[in-house]
Amino acid sequence: MIESEPAARRTACKALATIAACDEAASLDEGLAALDHRDPDLLVLGLDSAGGTPEEAIDLIRFTGYEGPILATSARLSLGLAVETMRAGASDVAAVPLSPAEWARRATRLMAEERPALKPVAQEARSLTDFEGFIGASPAMRELYEQIRRVAPSRAPVFVTGESGTGKEVTAQAIHGRSGRTRDRFVAINCGAIPKDLMESEIFGHVKGAFTGATEDRPGAAELADGGTLFLDEICEMDLALQTKLLRFIQTGEVRRVGDTKLRKVDVRFVCATNRDPLADVAAGRFREDLYYRLCVLPLHLPPLRKRGDDVVALAEAFLARFSAEEGRHFRGFDAAALSIVSGFAWPGNVRQLQNVIRRLVVMHDGDRVTAAMLPLALAHGSQPLEAPSAPAAPATTLTTAPRIEPFWVQEKRIIEEALAAFDGNLSRAAAALEISPSTIYRKREAWARDGLAAAG
């Protein structure tokens, strides 16, 4: 039960306690923190206590991984608010106060509904290739898989960041594959690969005669993705003028083909990606701030290959098997020296670079095992431990001012508080800027508050 008004919260929990144990949370922040370590059969959300829109509150709840029913309540319920709340994903909406019998009736009905069947995480982690085409079982990738599971069913836009070659399109396809949307309606557009003067037509389509070469009516990517997912790769490369039109599309759900007067209604899930720092582009005026915050509702960051441990070897062996079969070669693995080079290289081009290296050596060589001599010399010369310890500094011979060293938690708290201040206390925007989940901020703030109370006591 998430409700800020103490009397209403006590009355509701007393009624609900007749059918099940009822835990109380006095704010959305407190409720989200509780969901990090609890999985209730029903969540009651007091809309008047949540702040923001119903969609924002419910998206934050779903982002914690809670998949169960949500009963939304309000003392100021209107038809418009009820419709908005149901569209946002609530299971039921009720005007409060309710009688004890009505509380019990609604809760009993909602808790009896079945949750969507989910594949057990442990079962999925046992196989390196069971998760939507990904290869890898490192902690960084398991965390990514869990984030994809959580965000996929939502209607909210996803903003994927990461270095080139880390698998942003694979991530977008995984989100689409688990979204429940039409499987064949995944449409990808690379905003950096299409000339600026053709980009509007690519996204929104055009009518015959709209410009030189427009010999027929043609739907754009937005219409082709209707009912599915529109993936905009390298979104930060988009021209500012087109960003304005994209923002209007997101706000209204309507597109107008180039040269047409007719508006067409479409329903797409937006997934965007970039290998740049989007906030730096916003600060430099190259990317609209309002568009960024419309798109960056659910941020995902992809780890570089050098941070994925043994995934490098798993990927190299998978690529070797695939390309050997395609090219009619007979490779069955790597010898010890080759494996040491592959696992020790930093791979600045990430998975794409590794894939290209393995494909090239399969085409150019043959044998049972890949040897060090078959690998490019640059790999051998650049191979070194990824976390090589630095040499100890020589003792100082002159008096210097010692650097100020703070505990890690103090620095972490200051960074989070500065982000919250920069966004006027908006937790979801601060989390997006820091590239962490909102629940992480809630959990840490709750811990700091507990520690402060303990110290005061």
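Residues numbered from 1 in each chain as written. Predicted model: local features only at pLDDT ≥ 70, side-chain atom pairs only at ≥ 80, totals over all residues. Heavy atoms only, no water.

## Overview of the pattern of salt bridges
1) Next: Considering all chains together, one arrives at 25 salt bridges under this definition.
2) Next: Salt-bridge contacts for arginine 181 lead to aspartate 267; the nearest nitrogen and oxygen are separated by 3.2 Å. Taken as a pair, arginine 181 in the loop between helix 9 (168-177) and strand 5 (186-190) and aspartate 267 in the loop between strand 10 (263-265) and strand 11 (269-274) lie far apart in primary sequence, 86 residues in all.
3) Next: Its relative accessible area of 17% is what places arginine 181 among the buried residues.
4) Next: Overall, aspartate 267 belongs to the partly exposed group, its relative accessible area being 41%.
5) Next: Of the charged contacts in the structure, one is a salt bridge between aspartate 281 and arginine 276, with a shortest N-O distance of 2.6 Å. (Salt bridge = Lys/Arg side-chain N within 4 Å of Asp/Glu carboxyl O. Helix = DSSP H or I, 4+ residues; strand = E, 2+ residues; numbered from the N terminus. Buried < 20%, exposed > 50% of the residue type's maximum accessible area, 1.4 Å probe, protein only.)

## Examining helix 1 (residues 6-16)
1) Next: Those residues of helix 1 not exposed but buried are Arg9, Ala12, Cys13, Ala15 and Leu16. Take helix 1 and look down its axis: the buried residues cluster within an arc of 160 degrees, on one side only. For helix 1, the exposed residues set more than 90 degrees away from the buried face come down to Arg10, Thr11 and Lys14.
2) Next: Measuring from the side-chain oxygen of the N-cap residue of helix 1 to the backbone nitrogen of alanine 7 gives 3.3 Å; that N-cap residue is glutamate 5. (Arc of directions from axis to C-beta. Polar contact = N/O pair within 3.5 Å; in protein donor to acceptor, adjacent residues only side chain to side chain.)

## Some thoughts on the packing of aromatic side chains
1) Next: Counted under the stated rule, the structure contains ten aromatic pairs.
2) Next: Residues phenylalanine 159 and tyrosine 292 carry aromatic rings whose centres are separated by 5.5 Å and whose planes lie at 70 degrees to one another, so their mutual orientation is edge-to-face. Within this pair, whereas phenylalanine 159 is found in strand 4 (residues 158-161), its partner tyrosine 292 is found in helix 14 (residues 289-295), the two being separated by 133 residues in sequence.
3) Next: According to the relative accessible area criterion, phenylalanine 159 is buried, its value standing at 1%.
4) Next: By way of ring pairs, the aromatic residues Phe131, Phe134 and Tyr145 are connected into one cluster. (Phe/Tyr/Trp six-rings, centres within 6.5 Å; stacked < 30°, edge-to-face > 60°.)

## Description of the confidence of the model for the protein
1) Next: Of the residues in the protein, 88% have a pLDDT of 70 or more, and the chain-wide mean is 83.
2) Next: Low confidence marks residues 116-129, where pLDDT is under 50. Its contacts with residues over four positions away, or in another chain, come to 19 contacts. (pLDDT = per-residue confidence, 0-100. Contact = heavy atoms within 4.5 Å.)

## Some points on the packing of helix 4 (residues 54-63) against helix 5 (residues 79-88)
1) Next: Contact pair helix 4 / helix 5: the axes reach a minimum separation of 9 Å and the direction vectors enclose 25 degrees. Accordingly, the angle class assigned to the pair helix 4 and helix 5 is roughly parallel. As helix 4 runs across helix 5, the sense of the crossing is right-handed. Here helix 4 contributes Pro54, Glu55 and Ile58 to the contact with helix 5, which in turn contributes Leu81, Glu84, Thr85 and Ala88.
2) Next: Looking at the contact of helix 4 with helix 5 residue by residue, the class counts come to four nonpolar, one polar and two charged. (Axes fitted to C-alpha atoms, helices over the stretch in contact; angles between N-to-C directions. Parallel < 35°, antiparallel > 145°, perpendicular 65-115°, else oblique. Left-handed = near helix turned anticlockwise from the far one by under 90°. Nonpolar A, V, L, I, M, F, W, Y, C, P; charged D, E, K, R; others polar.)

## Describing the pairing of strand 3 (residues 92-95)
1) Next: Pairing of strand 2 (residues 70-74) with strand 3, which is carried by four bridges, proceeds in the parallel orientation. In the sheet register, threonine 73 faces strand 3, and the bridge partner there is alanine 94.
2) Next: In terms of handedness, the path from strand 2 via helix 5 over to strand 3 forms a crossover that is right-handed. (Pairing = 2+ DSSP bridges. Right-handed = clockwise from strand over helix to strand, strands pointing away.)

## Brief notes about the side chain of aspartate 233
1) Next: Looking at the element boundaries, aspartate 233 is found in strand 8 (residues 229-233).
2) Next: One buried charged residue, aspartate 233, remains without a salt bridge, the closest side chain of opposite sign being lysine 168 at 5.6 Å.
3) Next: If we ignore the near neighbours within four places in the chain, the residues touching aspartate 233 are Lys168, Ile189, Asn190, Cys191, Gly192 and Ala273. (Lys, Arg positive; Asp, Glu negative; His and termini not counted.)

## Quick word on the sheet that holds strand 4
1) Next: If you walk across this open sheet you meet the five strands as 5-8-11-4-12, and the pairing is parallel. At either margin of the open sheet sits one strand with a lone partner, and together these are strand 5 and strand 12 (298-301). Pairs of neighbouring strands in the sheet enclose a mean axial angle of 20 degrees, with direction left out of account.
2) Next: In this sheet, strand 8 lies alongside strand 5 in parallel orientation, the contact comprising five bridges. Bridged to phenylalanine 186 within strand 8 is threonine 229.

## Quick look at the pairing of strand 1 (residues 43-46)
1) Next: Burial of strand 1 is two-sided: the residues Leu43 and Leu45 facing one way and the residues Val44 and Gly46 facing the other way are all buried.
2) Next: Pairing between strand 1 and strand 2: four bridges, direction parallel. Paired with glycine 46 across the bridge in strand 2 is threonine 73.

## A word on helix 6 (residues 100-112)
1) Next: Between the first and last C-alpha of helix 6 there are 18 Å, a value that for 13 residues agrees with the 18 Å anticipated at 1.5 Å per step.
2) Next: Restricting attention to buried positions, one finds in helix 6 the residues Trp103, Ala104, Arg106, Ala107 and Leu110.
3) Next: Where the residues of helix 6 are buried, they touch helix 1, strand 1, strand 2 and strand 3. (Expected span 1.5 Å × (residues − 1).)

## Concerning the side chain of serine 179
1) Next: Along the chain, serine 179 falls in the loop between helix 9 and strand 5.
2) Next: Here serine 179 falls in the buried class, since its relative accessible area comes to 14%.
3) Next: There is a polar contact of 2.7 Å between the side chain of serine 179 and the backbone oxygen of histidine 176.
4) Next: The residues contacting serine 179, other than those within four sequence positions of it, are Ala152, Pro153 and Arg269.

## Points about the environment of proline 299
1) Next: Note that proline 299 resides in strand 12.
2) Next: Sequence-wise, proline 299 and arginine 429 are 130 residues apart; in three dimensions their C-alpha atoms are separated by 10.0 Å.

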